[in-house]
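Structural description and commentary
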Amino acid sequence: MDPFDSRNAERVNLPRNMIENSMFEEEPDVVDLAKDSTSFPLHLQIEMSGCLQSFPPLDPDDVVYEPRSSRLLVRGLGENDMDDEEEDCESSARLLGMSFMNRSSAQRVAASPFSRQSPSGSCSRPSARTMVVCVLLLVIVVAMSMVLYLLPECTFTKSGCPKQNKTSPPETVYPISSNGEVFPWAQLRLPQSIRPLSYSLTLNPDLDKMTFTGCTVITMFVRHNTKHVVLHGVNLNFTKATFKIGDGKATAVTVLEYKPKQQIAVKFTEELKAGQLCVLTLDYTADLSHSYDGFYNSSYTDKEGTKKVLAATQFEPLSARKAFPCFDEPSFKATFLIKISHKSDYMALSNMPKVKTIKLQNDLLLDEFEKTSVNMSTYLVAFIVANFTPISKNVSNTLLSVYSVPEKKEHTSYALEAASKLLDFYNNFFEIPYPLQKLDLVAIPDFLAGAMENWGLITFRETSLLVGSLSSALEKQLVASVVAHEVAHQWFGNLVTMSWWNDLWLNEGFATYMQYMSIQNVLPELDIENVFLDVRLRAMEKDALNSSHAVSTEVNTPEQVEEMFDSVSYEKGASILLMLKASLPGDQQFRKGIIQYLKQFSGLNTYTNDLWNSLTQVKLSTQHQNVTEMMSLWTSQKGFPLVTVSYKGDEVTLTQEHFLLTSDNATQSSSLWHIPVSYVNDSCSLAADCRQLFTLKTKSNTLKLPEKVKWLKLNYRNTGFYIVDYGKEGWSELCDALANNYQVLTSEDRTSLIHNIFALSRLRRVSFPQVHQLLKYLSNETETSPVTEALLQLNTIYRLLDKRYEHGLVARLKEYMLSLFGSLIRNQTWTEIESVSKQELRSALLETACQLHEESCIKQAKDIFKDYVDSNGTKRIPGDLQQVVFNVAAQSDDWATLLTLYGNASYDSEKRKMLKALSSTKDPQQIVWILQEGIRGHIVQTQELPLVIGTVCNGFAGFLFAWDFIQENWDRLIEKFPVGSFAIQRIVKSVTSQFSTKSHLDQVQSFFSSLKERGSNMRSVQEALETIKLNQRWMDSNLASLRKSL
Ligand SMILES: [Zn+2]
């Protein structure tokens, strides 16, 4: 999945719901069932070879995993074999603060004064020592008696006192189904005793009534004897259910439902036996969903103004269960045969090509799709009923098509061309041909994410897929980038899938890495390197916080599954892959390792270490590297290192520590990484072969250079995921070098210096005057990345000061920015330019200039808007200038005109820029209107609400309105966007990240803690609180210095 706007939608993260943890099963870490169970045939072999026989008494259903202690508990045997009396003793000991109690009864008898056995001490042969012991014992007994007298009555009763913080006994408490019967399963993860082999789904959506009926036939294999089948299903009303074993007769069964965990179950009086095949058939009715997941309804208004409805699916991560009953976990792969009925003026699409159409009654047709030729996870199933039109072409042996609503057909050809190049590239790069006969890319009018990689049927937001012939290269860059991401998933995610959501990064980190790598190769004119560099720098912002999480992290609740869709899984995942690739000797080890991984695990599920092992196994050169040893530290620990470098002559000392932004000085971290530190120096700094490499594995190490250096620049081209502090002298040398000739470093290196110095200032390792000293060289800078990075950092400070009513400083900062970039701003033209990189530079510069009320910028923008309106929309504004022109229009008297244009716009990317501009208004009434309209969803689609809120928050006029708005409408927001989802993460971040005062901190804390299960445990809330405290601290320590230095 691509959670839209990878460049802007910063995704956020929080501590787990500890209360729920104990309820949920994890992968049993001893019996590795989940992984090897991914492939049914493999399992059959294992079973036949008897490998699993060593566990015969363990029905996996009876295995309960207790995360904290990592003990395997077996119901019936119990964790504590103590009897009640022993427990009483232990609890009393705890009451008395005695920690020496040992669980061994023998020791307990000897050592415990609480033993109910009669004391052995009848001093039969008294000696001085025994006398002393006896006296001591007597004293203890008397003391104990007094204590016991004073203890509460409950202490030694059979039931005991209420126990606190005690590991709960292993007794499983089964929940009650909605019909009042006991539900046979108590964990979040499904039991491993049954595996689905194939599904046959028949769906009959009624787009007039917004309902559907379904029939799901699941053929299953019994892996272990069991008395129940447990699977997922939610909001499905079952009308008929039958079950049959082997070739036996189907008998009616009762479906039990446990709504809180979205599970359903069928219980049997006799055990199903291991090795049996059985078939569960379920008929049901349901409503089409009104949110953006499950089988949901979407609509659009066509050119004639008629409202058209359609139905589409979005199942990742946990919503396949809303459309059909299924084993809705990524490791339960199976085949799917899908049939869908629809009216004759509609069409149906699914993962596989259509094989036949049958005429039904009432003008209905039933389309049957080929059975999937591959085993796949439920979250990748997809179907659509709509009246779309396609354009197609053949690429190798695949029919590639792009679908849209009919009037946008002419906006589909760029995506088709880009996808065909990318599909070819991946077929060759992975050395595994795309396995299906067709691949459809479909633009859906209502779609929350950027896109979703359903196998063979990728769905997109219209803005992520559709560009017209007049669209700018910058707009094409976005489309190509999302297409590249989703097509890469057809291998990473679809062919080889993570076993569980804790390793989501195996899907998303890889697809993100591949999207940039493939575009660089296939569409070099799109200058995608700038975007990838920016993505890597942004990923560090969240990962520097204490609330961040390891790339591969424990996931135990649905909310935590949603939260995995964040910048750590996507952008940090991609960043550490780039770092690994850059540190491997030669060009081929990385690629060969990936090919080996894909081939070895094709059709299966994997864990993070499977990838590292595959990469380690490839031996191409003598400098073989143990990838597992290095990379497991990057995926199992949160955060990233700060490398401090100091040098004297030819001797360089490197030290690492955790780059942890925390307002709480007591928080310590002892994390260490294996860091592939690269460096260049003053005598050779630009070409790739100037780069030297040193792996820093310890806290500190020293290396010898061949000769004395004037300066060193570490992290060549910023391919490593770490920040560098050069010390006062080191920074000063680098500043001088840049001031002399800024082209002495690559543009990536200059960008990384700018990013790093701002990050260090946030860590309070450098002062603002030091930042200032580095930025001086920028008046000569002409490349995109260093300028956009500096603008982003300065704009962040500008907005913080603005929201703190520091008007004097705001004015001075404005002056400073305009003078630093003045000549570059004046050099920008307002007509079409070709280069994507130059377009990026121009749009960033002019948006800043106009936002800072630079007069000539405002005038130009107004003139262009007037021309555009006068031409009745026939005149195009260059794509990269649209945002700045619309912003100026919306912030002056033309807001209403822009709103009318928004209603009629036919280019989706242009329309989105208009909406962003409308949301940047400074008029309170317009602000309130657009926020409310975003939630009503009539004129502004609700899918755009995160964008609207984010933009409103940036402005001085709107940030407090937005904060009120989300507090008042929280329940409506989480109805549309699930708790923990990237949309909610983005909203929380937008509304809180510019607060920097104690009173706002208190408000945010009190509001989110009042939400309880409606969001108070989200990682993004923890992140918001940390960020406000850090903002507050930054202000406290920098305001005075800003006043002096600006
Ligand atoms: Zn993705």
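Residues numbered from 1 in each chain as written. Predicted model: local features only at pLDDT ≥ 70, side-chain atom pairs only at ≥ 80, totals over all residues. Heavy atoms only, no water.

1. Re the overall build of the protein chain
Helix and strand counts for the protein chain stand at 34 helices and 31 strands. The buried share of the protein chain, taken over its 1046 residues, is 59%. Accessible surface computed for the protein chain: about 42,000 Å², of which carbon and sulfur atoms make up 51%. (Helix = DSSP H or I, 4+ residues; strand = E, 2+ residues; numbered from the N terminus. Buried < 20%, exposed > 50% of the residue type's maximum accessible area, 1.4 Å probe, protein only. Areas by Shrake-Rupley, 256 points an atom, 1.4 Å probe, with all protein chains shown as cover.)

2. Looking at a negative patch on the surface
Negative charge collects at one region of the surface, where Asp682, Glu707, Glu729, Glu733 and Asp736 lie side by side. Examined against the element boundaries, Asp736 turns out to sit in helix α17 (residues 727-740). Overall, Asp736 belongs to the partly exposed group, its relative accessible area being 40%. (Patch = residues over 30% accessible without salt bridge, like charges linked within 9 Å, V, L, I, M, F, W, Y side chains within 5 Å. Salt bridge = Lys/Arg side-chain N within 4 Å of Asp/Glu carboxyl O. Lys, Arg positive; Asp, Glu negative; His and termini not counted. Charge placed at Lys NZ, Arg CZ, Asp CG, Glu CD.)

3. Here's the deal with the coordination of the zinc ion
The protein atoms donating to the zinc ion are Met1 (N), Met1 (O), His485 (NE2), His489 (NE2) and Glu508 (OE), with metal-donor distances spanning 2.0 to 2.5 Å. The pair Met1 / Glu508 is uniform in exposure class, with both members buried. (Donors = N, O, S within 2.8 Å, 3.2 Å for Na, K, Ca; no water.)

4. A few points about the sheet that holds strand β6 (residues 237-245)
Here eight strands make up an open sheet; going across it, the order is β7-β6-β10-β4-β3-β13-β16-β15 and the pairing mixed. Since the sheet does not close on itself, it has two edges, and those belong to β7 (251-252) and β15 (354-359), each with one partner. Of the pairings in the sheet, the one linking strand β3 (residues 194-206) to strand β4 (residues 211-222) comprises 12 bridges and is antiparallel in character. Residue Ser200 lies in a different strand from β4, and its bridge partner there is Val217. (Pairing = 2+ DSSP bridges.)

5. Structural notes on the confidence of the model for the protein chain
When pLDDT is averaged across the protein chain, the result is 86; 83% of the residues are at 70 or more. Note on residues 5-126: pLDDT under 50 across the span, and 227 contacts to partners over four residues away in sequence or across chains. Segment residues 150-164: pLDDT under 50, and 16 contacts once partners within four positions in sequence are set aside and those in other chains are kept. (pLDDT = per-residue confidence, 0-100. Contact = heavy atoms within 4.5 Å.)

6. Description of the environment of Ile858
You can see Ile858 is positioned in helix α24 (residues 855-870). Separated by 29 residues in the primary sequence, Ile858 and Asn887 have C-alpha atoms spaced 9.8 Å apart. Non-local contacts of Ile858, meaning those with residues more than four positions away in its chain, are made with Cys850, His853 and Val888.

7. Examining the side chain of Thr746
Assignment of secondary structure puts Thr746 in the loop between α17 and α18 (747-762). At 2.8 Å, the side chain of Thr746 and the side chain of Asp749 are in polar contact. Ignoring sequence-local partners within four residues, the contact set of Thr746 consists of Leu686, Tyr716 and Arg717. (Polar contact = N/O pair within 3.5 Å; in protein donor to acceptor, adjacent residues only side chain to side chain.)

8. Concerning the sheet that holds strand β28 (residues 692-696)
Pairing is antiparallel in the open sheet, where three strands are placed in the order β28-β27-β30. Both edges of this open sheet fall to β28 and β30 (712-714), since each of them pairs with a single strand only. The mean angle between the axes of side-by-side strands here comes to 35°, regardless of whether they run parallel or antiparallel. Relative to β30, strand β27 (residues 675-681) runs antiparallel, the two sharing three bridges. The residue bridging Tyr679 from the neighbouring strand is Leu714, located in β30. (Axes fitted to C-alpha atoms, helices over the stretch in contact; angles between N-to-C directions.)

9. Focus on unusual backbone geometry
A cis amide bond links Glu316 to the next residue, Pro317, at an omega of 5°. Looking at the element boundaries, Pro317 is found in the loop between β12 (307-314) and β13 (335-343). Although it is not a glycine, Ser396 adopts a positive phi angle of roughly 50°. When you line up the elements, Ser396 lands in the loop between β18 (389-395) and β19 (398-404).

10. So, the pattern of salt bridges
Here the structure, examined in full by the defined rule, presents 40 salt bridges. Lys343 is the partner of Asp208 in a salt bridge, and the nearest nitrogen-oxygen pair spans 2.9 Å. Placement of the pair is Asp208 in the loop between β3 and β4 and Lys343 in strand β13, with a sequence separation of 135 residues. Take Lys343: its relative accessible area is 37%, and that puts it in the partly exposed class. Put simply, Glu789 and Arg538 hold a salt bridge, and the shortest N to O gap is 2.9 Å. In this pair, Glu789 is assigned in helix α20 (residues 784-803) and Arg538 in helix α11 (residues 528-543), connecting sequence segments 251 residues apart. Here Glu789 and Arg538 have matching classes, each one buried. Among the charged side chains, a salt-bridge network with shared partners connects Glu431, Arg591, Lys592 and Lys599.

11. Quick word on helix α21 (residues 807-820)
An ideal rise of 1.5 Å per residue puts 20 Å on 14 residues; α21 measures up with 20 Å between its terminal C-alpha atoms. Of all the positions in α21, only Leu809, Val810, Leu813, Tyr816, Met817, Leu818 and Leu820 are classed as buried. Buried residues along α21 sit against α19 (768-775), α20, α22 (822-826), α23 (836-851) and α34 (1019-1045). (Expected span 1.5 Å × (residues − 1).)

12. Remarks on the pairing of strand β17 (residues 383-386)
Alternating residues of β17 divide into Phe383 and Val385 and Ile384 and Ala386, and every residue in both groups is buried. Note that strand β14 (residues 347-350) and β17 share four bridges and pair antiparallel. Across the sheet, the residue bridging to Ser350 is Phe383, located in β17.

13. Topic: the pairing of strand β9 (residues 263-272)
When strand β5 (residues 226-232) meets β9, the two strands line up antiparallel, connected through six bridges. From the neighbouring strand, Val230 faces β9, where its bridge partner is Ala265. Both strand β8 (residues 256-258) and β9 contribute to a ladder of three bridges, which runs antiparallel. Bridge assignment links Glu257 to a residue of β9, and that residue is Ile264.

14. Remarks on the state of the cysteines
Applying the stated rule across the entire model yields two disulfides. The disulfide partner of Cys684 is Cys690, and the S-S distance across this bridge is 1.8 Å. Handedness here is read from the sign of the S-S torsion; for Cys684 and Cys690, about -75°, the answer is left-handed. One disulfide in the model links Cys850 with Cys857; its S-S distance is 2.0 Å. Disulfide Cys850 to Cys857: torsion about the S-S bond roughly -105°, handedness left-handed. The pair formed by Cys850 and Cys857 is uniform in burial state, with each residue classed as buried. (Disulfide = S-S within 2.5 Å.)

15. Overview of the nonpolar core
In this structure, Phe324, Ile966 and Trp970 are the most contacted members of the largest nonpolar core, which totals 307 residues. In terms of residues, this core owes the most to one element, helix α7 (residues 413-430), which gives 11 residues. Among residues more than four places away in sequence, those in contact with Ile966 are Ile949, Leu973, Ile987, Val991, Phe1007 and Phe1008. (Core = buried A, V, L, I, M, F, W, Y, C linked by side-chain atoms within 4.5 Å.)

16. Some thoughts on helix α33 (residues 998-1009)
Taking 1.5 Å per residue, 12 residues should reach 16 Å; α33 reaches 16 Å between its end C-alpha atoms and fits that length. Every buried residue belonging to α33 is among His1000, Leu1001, Val1004, Phe1007 and Phe1008, and all of these are buried. Each buried residue of α33 sits inside an arc of 140° when the element is viewed along its axis, so together they form one side. In this structure, the buried side of α33 is in contact with α30 (959-968), α31 (970-976), α32 (982-992) and α34. (Arc of directions from axis to C-beta.)

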